[in-house]
Amino acid sequence: MRIDIISALPELLESPFRHSILKRAHDKGLLDVQVHDLRAFGLGRHKQIDDYQFGGGAGMVMMAEPLAAAIESLQAARSYDEIIFMTPDGVLLDQPLANRLSLKKNLLLIAGHYKGIDERIRDEFVTLEVSIGDYVLSGGELPAAVLTDAIGRLLPGVLNDETSALFDSFQDNLLAPPVYTRPAEFRGRRAPDVLLSGHAQAIEDWRLEQSLQRTRERRPDLLEEE
Ligand code: 6GU
């Protein structure tokens, strides 16, 4: 899969993809993330990319022309399954959306800044708008990194244990069960005996029971869906 990201602050996106699971995805040739500096498409000698909003009000708006030029230069090389604008007024990112997007070949993410982007870019190019939660961040870069991580780790072959994404929190609308490792006793707290029993069925039953209990206590809304 290939994910292109257009950003006015590409430096913010340097680190997240060079570590851990997404690095492994890249090294295995499963995920290619390319970050594009919007400034390269800026207008005039100052490479302007934002301007005051019509009608007045605080905050700059990202201009239509540099964004259109950036998008169209990328579209010249490949066609995109979705052009996604990261914005707090988009649809909330959840596991089913991450699953669905992980099946695509080419995604283009737009990380907005300032007060937002000129509405005509949304009308003309954007096919999907995604928010990562009901709070406001200063730009779309971290949300774009979050979305890329959520998608990238689902690609077949990225995770070591291919089945492990299947047991993630949310994959069945259940939170994950507690996990333990050595030592068996830490400051007087023992790991549950069942996990040390070697009894596979008993362990599976215990984990499901813990998942259900945890979900009932912390996120009853997940059990009410559907
Ligand atoms: Cl996608 N962008 C910004 N700026 N803030 C957010 C968000 C996105 N999702 C939640 N808050």
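It should be noted that the structure appears before, not after, this text.
Everything numeric here is computed off the predicted structure, so don't read it as measured data. (Residues numbered from 1 in each chain as written. Predicted model: local features only at pLDDT ≥ 70, side-chain atom pairs only at ≥ 80, totals over all residues. Heavy atoms only, no water.)

Engineer: In this structure, what is going on with the pairing of strand β2 (residues 32-37)? I would like to understand it.
Structural biologist: Consecutive side chains of a regular strand alternate in pointing toward one face of the sheet and then the other. Relative to β2, strand β1 (residues 2-7) runs parallel, the two sharing 6 bridges. Its bridge partner lying in β2, Ser 7 is registered against Asp 37. The parallel pair β1 and β2, bridged by helix α1 (residues 20-27), forms a crossover whose chirality is right-handed. (Pairing = 2+ DSSP bridges. Helix = DSSP H or I, 4+ residues; strand = E, 2+ residues; numbered from the N terminus. Right-handed = clockwise from strand over helix to strand, strands pointing away.)

Engineer: Could you clarify how one ought to interpret the site of the ligand in this entry?
Structural biologist: Close to the ligand lie Met 86, Thr 87, Pro 88, Val 130, Ser 131, Ile 132, Gly 133, Tyr 135, Leu 137, Gly 139 and Pro 143. The backbone of Tyr 135 places a nitrogen or oxygen atom 2.6 Å from a nitrogen atom of the ligand. Summarising the interface, the protein chains cover 95% of the accessible area of the ligand, which totals 290 Å² for the free molecule. Mapped onto the shell around the ligand, the elements with two or more residues apiece are β5 (82-92) and β7 (128-131). No other element matches the 3 residues that β5 contributes to the shell around the ligand. (Near = heavy atom within 4 Å. Polar contact = N/O pair within 3.5 Å; in protein donor to acceptor, adjacent residues only side chain to side chain. Areas by Shrake-Rupley, 256 points an atom, 1.4 Å probe, with all protein chains shown as cover.)

Engineer: Looking at this structure, I do not really get the nonpolar core. What am I missing?
Structural biologist: Generally speaking, nonpolar side chains in soluble globular proteins are found buried as a group. Ile 5, Leu 31, Ile 84 and Leu 101 are the most contacted members of the largest nonpolar core, which has 23 residues in total. If one sorts the elements of this core by residue count, helix α5 (residues 141-152) sits on top with 4 residues. If we ignore the near neighbours within four places in the chain, the residues touching Leu 31 are Met 1, Ile 3, Leu 22, Ala 25, His 26, Thr 148, Gly 152 and Leu 155. One finds Ile 49, Met 62, Leu 67 and Ile 117 within the second-largest nonpolar core, a separate group that totals 19 residues. (Core = buried A, V, L, I, M, F, W, Y, C linked by side-chain atoms within 4.5 Å. Buried < 20%, exposed > 50% of the residue type's maximum accessible area, 1.4 Å probe, protein only. Contact = heavy atoms within 4.5 Å.)

Just distances and angles here, no functional claims.
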